[in-house]
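Descriptive analysis of the structure
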Amino acid sequence: MVNEDKVKKAFKFPIKHGKAWDLDEHDRRKLNFLYTLPLVSPYSDGSKLDLWTVEAEKFRVGLIHEFLSLTLEKRAYIHNIVEFKEEFCLTKHTYHMLLKQPRTFYLAGTEMNWSVFLKDAYGEDGVLLNKDPHVLFNEKLYRYADMIELKPSSDVYET
């Protein structure tokens, strides 16, 4: 990259605060501390970063944010993300890292099957805001499949 410092400053997450929170400026700054640090470009070489620094964690968070933003449904299973452990420079504590980012990611599922959702891609009602045509097609297909009434299996063999 020609000017990596400029690129680092360009990547920022939108910050949503609950309307019920009555934050003064000091509290808002404290709450936004991690989000206002310069973000390391997810396209830079993360292997050069020391694994346990704030900069490395910002890189990993940015990388997963970028990865999810490139998916159709803006979500993925943690198991699938961890498959790219070496390429994404992830640690074995990826789940805990994502838990520390509740305004960026939403985690749902069971112990062995966690899904990570990109929070800014979903509305307050939990519906994907900008649906890809493939997602719309799949939703229609699922609705159609739910409408079909299946015959009991014993009727299949009757003649």
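This one's a predicted model, so the numbers in the text were calculated from it and none came from an experiment.

So, how was this worked out
Residues numbered from 1 in each chain as written. Predicted model: local features only at pLDDT ≥ 70, side-chain atom pairs only at ≥ 80, totals over all residues. Heavy atoms only, no water. Core = buried A, V, L, I, M, F, W, Y, C linked by side-chain atoms within 4.5 Å. Buried < 20%, exposed > 50% of the residue type's maximum accessible area, 1.4 Å probe, protein only. Helix = DSSP H or I, 4+ residues; strand = E, 2+ residues; numbered from the N terminus. Contact = heavy atoms within 4.5 Å. pLDDT = per-residue confidence, 0-100. Expected span 1.5 Å × (residues − 1). 1 Å grid on protein atoms, 1.4 Å probe; cavity = no way out; pocket = protein on both sides within 12 Å on 5 of 7 lines; lining within 4 Å. Points joined across faces, edges and corners; volume = space filled by probe spheres on them. Nonpolar A, V, L, I, M, F, W, Y, C, P; charged D, E, K, R; others polar. Pairing = 2+ DSSP bridges. Axes fitted to C-alpha atoms, helices over the stretch in contact; angles between N-to-C directions. Salt bridge = Lys/Arg side-chain N within 4 Å of Asp/Glu carboxyl O.

What follows covers the nonpolar core. If you look at the biggest cluster of nonpolar residues, it comprises 25 residues, and the most contacted ones within it are Phe59, Ile64, Leu68, Ile81, Leu98, Phe105 and Val116. The element that contributes the greatest number of residues to this core is helix H4 (residues 54–69), accounting for six residues. The residues contacting Leu68, other than those within four sequence positions of it, are Lys74, Arg75, Ala76, Ile81, Phe105, Val116, Phe117 and Leu118.

Detail in the predicted coordinates should be disregarded across regions flagged by low pLDDT. Looking at the chain, pLDDT values average 78 and 70% of them are 70 or higher. Ranking the elements of the chain by mean pLDDT puts helix H3 (residues 33–36) last with 56 and strand E1 (residues 75–77) first with 94.

Moving on: helix H8 (residues 133–147). Compared with the 21 Å implied by 1.5 Å per residue over 15 residues, the 21 Å span of H8 between its first and last C-alpha is a close match. Burial analysis of H8 places just one of its 15 residues in the buried class, which makes it a mostly uncovered element.

Further remarks concern the layout of surface pockets. Roughly 220 Å³ of volume is contained in the second largest pocket. Looking at the second largest pocket, it is lined by 13 residues, and the ones nearest its centre are Ile78, His79, Val82, Tyr95 and Trp114. Contributions of two or more residues to the lining of the second largest pocket are made by helix H5 (78–82), helix H7 (94–99) and strand E3 (113–118). Per-class residue counts for the lining of the second largest pocket are six nonpolar, five polar and two charged.

Moving on to the pairing of strand E2 (residues 105–110). Here E2 runs beside E3; their pairing, made up of six bridges, is antiparallel. Directly across from Ala108, in E3, lies its bridge partner Ser115. Connecting E2 to the antiparallel partner E3 that follows it, the hairpin turn spans two residues.

This part covers H4. For H4, built from 16 residues, the straight-helix expectation of 22 Å at 1.5 Å per residue is met to within 8% by its first-to-last C-alpha distance of 22 Å. Taking burial as the measure, the 16 residues of H4 include 12 buried ones, the bulk of the element. Taken residue by residue, H4 has Ala56, Glu57, Lys58, Phe59, Arg60, Val61, Gly62, Leu63, Ile64, His65, Glu66 and Leu68 as its buried positions.

To continue, consider the sheet that holds E2. Pairing in this open sheet of three strands is antiparallel, and the strands run E1-E3-E2 from one edge to the other. Both outer strands of the open sheet, E1 and E2, are each paired with one neighbouring strand and no more. Averaged over all pairs of adjacent strands, the angle between strand axes in this sheet comes to 20°, irrespective of strand direction. Against the sheet, H4 contacts E1, E2 and E3, and its axis sits at roughly 85° relative to E3.

Here we take up the pattern of salt bridges. Where charged atoms from two side chains of opposite charge come close, those side chains can pair. The final tally for this structure, using the stated rule, is three salt bridges. Close ionic contact of Glu139 with Lys131 constitutes a salt bridge, the shortest N to O distance being 3.0 Å.

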